[in-house]
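Listed below are the residues making up each chain.
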There are 2 protein chains.
Amino acid sequence: MLKAERRNFIMTKLVKEQRVNTIELAEVLGLSEDTIRRDLNKLHVKGLLEKVYGGAIPVSNKEENVFDIVISNEKKKREIGLKALSLLHDGQVIIMSGGTTNLVFSKLIPPLLKATIYTYSLPIAMQLSQYQNIDLIFIGGKMQKNAMVTIGMDVLQVLSKIKADICFMGASSINIKQGLTEVGYEVSIVKKAMLEASDKVVSMFTADKLNSKTPHVVCGIDRLNTIITDLNPDDELLKEYHSAGVIVL
Amino acid sequence: MLKAERRNFIMTKLVKEQRVNTIELAEVLGLSEDTIRRDLNKLHVKGLLEKVYGGAIPVSNKEENVFDIVISNEKKKREIGLKALSLLHDGQVIIMSGGTTNLVFSKLIPPLLKATIYTYSLPIAMQLSQYQNIDLIFIGGKMQKNAMVTIGMDVLQVLSKIKADICFMGASSINIKQGLTEVGYEVSIVKKAMLEASDKVVSMFTADKLNSKTPHVVCGIDRLNTIITDLNPDDELLKEYHSAGVIVL
DNA sequence: TTATTTACTGCAAATAATTGCAATGTTTTA
DNA sequence: TAAAACATTGCAATTATTTGCAGTAAATAA
């Protein structure tokens, strides 16, 4: 592990847990406490954290910035996104749902791809707005604040009027029996409309979502053309999905 | 393997794994570490990666992060925003245009304000999405990428159907004769629609926009109820506007 | 206060990076 | 075509960085 990686690891842990402990870090990283302390000192000098006796905490006066989106499991999500790139082609009409997996994917899109992309996620739209050859259409409506996506009638109405080649859909949970399920009712409705509007449906999610369930059904797995996870496609966990006729990447 | 190929290989691996290790690369490519280091140096000089002890990591893309919005004259814009706060009341229906002045204003809104806000700007929507008591409606449409706002028919259609109490409108340029003018045609059209949809129009801009002109007319100054700048309201520069019946804050 | 835990400092060993140099291969020029 | 100029690569010597350890200092807890 490179030093830079290690410092990243520390910062990520700090953001996630709002504190880090010197001894614990030394154990986890398999290094001496001295080294960890030196890292913490460097990060402190850079103003990235506040050192305290026993470890470190986030810098106190750092005002909460809505534009800093914390992505968990970013590495896994990047692997997923890289696999998904093979599904992109010039000229496609694409619908992208929200979620951090799709956000990571958005960052990996080839800079010169020519495509039309519909989305209803603010962060994804911001990310995609940097691509010069992409026609980007934001699906307006009432904002669901925590997820930063639009929901409701307006969204459904727009989706009912478009026809896309492919749809990249995040997932709260998936299992063989119920298929794709969502935490929120409104989001499940919107996702249903996305399905209807797309020829092909690709669902991307980290393996921890496999074989879990949330309240609102979106669709059975027979409705999915492709699923992409961070696992090897012939992992035991994915066997059932493959048998059910889903392409597993 | 050509040198160019090799460097491509390194860059690809770097993007995929977010790190490369000198020794590992030397093994994989069957070359000495020295050669790899020379490659990494070249790529570093070209700005394609960040060299660190033991290998390299991607260039810290903090600078080109779309989520980091650079705000010029932030201090002045904050002054303007603070003045504008007096115009906010619970229960209002508000339309907010884009621009960094409005973005700064958005950050200053009292956390508990109860209001309905329509906007067509991605950054402003992201900012406003943190307020729990604000009903936020994003006006969808085709994205204009540099400004990160939606434009076009869809936007006009939504605006034609709403009625707001107040509209906070940024400005490219303003002068006594032509009034408010814009750089882009599409944006000027959208702003006209905003005017029509609002009882009251407030325009906020830094003083450097005063007495300047851009190609596309939005409206005469008689159409503005209030203008807010970073100047003192009875500054000489604002006299004419005051005489024309505009409230100057 | 004392005991205990945590942090800092200098030092040495290990690891990595840089530099000059020579051998080899490639391109340009006469 | 041959010679010269240039580029690439690996090696060795030198230099720089990182790391853990030991001793000591500082902070916290009892």
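In what follows, the structure referred to is the one given above.
Residues numbered from 1 in each chain as written. Chains lettered and ligands numbered in written order. Predicted model: local features only at pLDDT ≥ 70, side-chain atom pairs only at ≥ 80, totals over all residues. Heavy atoms only, no water.

## Considering the overall build of chain A
For the record, the criterion: For the purposes of this entry, the term helix denotes a DSSP run of H or I that reaches at least four residues, the term strand denotes a run of E that reaches at least two, and both are numbered from the N terminus. Only protein chains enter the area calculation, which uses a 1.4 Å probe; residues under 20% of their type maximum are buried, those over 50% are exposed, and those in between are partly exposed. The contact rule is simple, with two residues in contact once any of their heavy atoms fall within 4.5 Å. All tallies of charge rest on Lys and Arg as positive and Asp and Glu as negative; His and the ends of each chain are not included. In this description, the location of a charge corresponds to atom NZ of lysine, CZ of arginine, CG of aspartate or CD of glutamate.
Helix and strand counts for chain A stand at nine helices and 15 strands. Summarising its shape, the C-alpha atoms of chain A cover approximately 60 × 40 × 35 Å along the three principal directions. Burial status across chain A gives 49% buried among its 249 residues. Expressed as a percentage of contacts within chain A between residues at least 6 apart in sequence, the contacts between residues at least 24 apart total 59%. Across chain A, 31 positive and 28 negative side-chain charges occur, with their mean positions spaced 3 Å apart.

## Some thoughts on the interface of chain A and chain B
In plain terms, the rule: When two components associate, each loses some accessible surface as probed by a 1.4 Å sphere; the sum of these losses over both components is called the buried area. For this document, the term salt bridge refers to a Lys or Arg side-chain nitrogen within 4 Å of an Asp or Glu carboxyl oxygen.
The partner chain B presents 39 residues to the 33 residues of chain A that form the contact. Taken over both partners, the interface formed by chain A and chain B buries close to 3100 Å², and the fraction arising from carbon and sulfur atoms is 66%. Looking only at chain A, the three residues that lose the most surface to chain B are Phe67, Met126 and Lys145 of chain A, adding up to 25% of its buried area. There are three salt bridges connecting chain A and chain B. The partner of Glu5 of chain A in a salt bridge is Arg19 of chain B, with the nearest N and O atoms 2.6 Å apart.

## Examining the sheet that holds strand β13 (residues 216-219) of chain B
Residues and elements named next belong to chain B. Put simply, the test is: Here, a strand pair is defined by DSSP locating no fewer than two bridges between the strands. Axis definition: a line fitted to C-alpha atoms, limited for helices to the stretch in contact. Angles are taken between N-to-C directions and run from 0 to 180 degrees.
Here three strands make up an open sheet; going across it, the order is β10-β11-β13 and the pairing antiparallel. Of all strands in the sheet, those bounded by a partner on one side alone are β10 (173-175) and β13. Strand-to-strand twist across the sheet, computed as the mean angle between neighbouring axes with direction ignored, equals 35°. As paired strands, β10 and strand β11 (residues 179-182) are joined by three bridges and run antiparallel to one another. Counted as the bridge partner of Asn175 is Gly179 from β11. Here helix α8 (residues 185-197) sits on the sheet in contact with β11 and β13, set at roughly 10° to β13.

## Here we look at the protein's contact with DNA strand C
Basically, it comes down to this: A molecule or strand has a residue near it when one of that residue's heavy atoms lies within 4 Å. Pairs of N or O atoms within 3.5 Å make up the polar contacts considered here, provided that, within protein, one atom can donate a hydrogen while the other can accept it, and that residues adjacent in sequence are counted only when both atoms are side-chain atoms. Any residue outside Ala, Val, Leu, Ile, Met, Phe, Trp, Tyr, Cys, Pro, Asp, Glu, Lys and Arg is labelled polar, Gly included; the first ten of those are nonpolar and the last four are charged.
Around DNA strand C, the structure places 22 residues, and the nearest of them are Arg37, Tyr53 and Gly54 of chain A together with Arg37 and Tyr53 of chain B. Within 4 Å of the protein, the contacting atoms of DNA strand C are 73% sugar and phosphate, with bases supplying the remainder. Arg37 of chain B places a polar side-chain atom, nitrogen or oxygen, 2.3 Å from a phosphate oxygen of DNA strand C. Here a base oxygen of DNA strand C sits 2.6 Å away from a polar atom, N or O, in the side chain of Tyr53 of chain B. For the surface near DNA strand C, the elements supplying multiple residues, two or more each, are α2 (22-29), α3 (33-45) and β2 (50-52) of chain A together with α2 (22-29), α3 (33-45) and β2 (49-52) of chain B. Across the surface near DNA strand C, the residue classes break down as six nonpolar, eight polar and eight charged.

## Digging into the protein's contact with DNA strand D
Contacts to DNA strand D come from 16 residues, most closely from Lys3, Thr35 and Arg38 of chain A together with Lys3 and Thr35 of chain B. For DNA strand D, the fraction of atoms within 4 Å of the protein that belong to sugar or phosphate moieties is 63%. In this structure, Lys3 of chain A approaches DNA strand D through a side-chain N or O atom, which is 2.5 Å from a phosphate oxygen. Here Ser32 of chain B contributes a side-chain N or O atom positioned 2.9 Å from a phosphate oxygen of DNA strand D.

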